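# Results of the structural survey
Next come the chains, spelled out residue by residue.
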Amino acid sequence: MLQEKRHDLDAEKRKQLVQRLVAELSRLGGDLYYQPTSQIALQIRNYAAGDAKLTAEEKALLAPLSQRDIEVLLSLH
């Protein structure tokens, strides 16, 4: 049960982190509204790997996510 709660907490943190990265990309001048989800997911992965200022915990949360996983998280919003 504790393992399940931890998994749910990590999933929620990932969702929030992806939404924060979308907001940061949008502020940096990217018009994301009309872009396909797959393109936004790729931009998030590239941004997270490069210029994003992420903590070690945030990097660990994103590490197991594929581009497809990020697309799914984006579609849930």
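Here is a short report on the structure shown in this document. Computed from a predicted structure; not experimentally measured.

### Some thoughts on helix α2 (residues 37-49)
The end-to-end C-alpha distance of α2 is 18 Å, a good match for the 18 Å that 13 residues give at a rise of 1.5 Å each. Those residues of α2 that sit buried are I40, A41, I44, Y47 and A48. Around the axis of α2, the buried residues are gathered within 130° of arc, so they sit on the same side.

### As for the pattern of salt bridges
This model, assessed by the stated rule, comprises 5 salt bridges. Among the ionic pairs, E12 bridges to K15, the shortest N-O distance being 3.6 Å. Taken together, the residues E12 and K15, both in helix α1 (residues 2-27) and 3 residues apart, mark about one turn of the helix. Owing to a relative accessible area of 36%, E12 belongs among the partly exposed residues under this scheme. We note a salt bridge from R20 to E24, for which the minimum N-O separation is 2.9 Å. Taken together, the residues R20 and E24, both in helix α1 and 4 residues apart, mark about one turn of the helix. Among the charged side chains, a network of salt bridges with common partners joins R20, E24 and E58.

Rules used throughout
The residue numbering used here restarts from 1 in each chain and proceeds along that chain's sequence as written. At least 70 in pLDDT is required for a residue's local features to be given in this predicted model, at least 80 for side-chain atom pairs to be given and counted, and no such filter applies to totals for whole chains, interfaces and linings, which use all residues. As a convention, hydrogens and water are excluded, and side-chain values are obtained from all of the structure's heavy atoms. Secondary structure elements are defined from DSSP: runs of H or I of at least 4 residues count as helices, runs of E of at least 2 residues count as strands, and each element is numbered from the N terminus. The span one expects for a helix is its residue count, reduced by one, times 1.5 Å. Each residue is placed in one exposure class: buried if its accessible area under a 1.4 Å probe, protein chains only, is under 20% of its type's maximum, exposed if it is over 50%, and partly exposed if it falls in between. Working definition: the arc comes from the directions between the helix axis and the C-beta atoms, pointing outward to the latter. A side-chain nitrogen of Lys or Arg and a carboxyl oxygen of Asp or Glu constitute a salt bridge if their distance falls within 4 Å.

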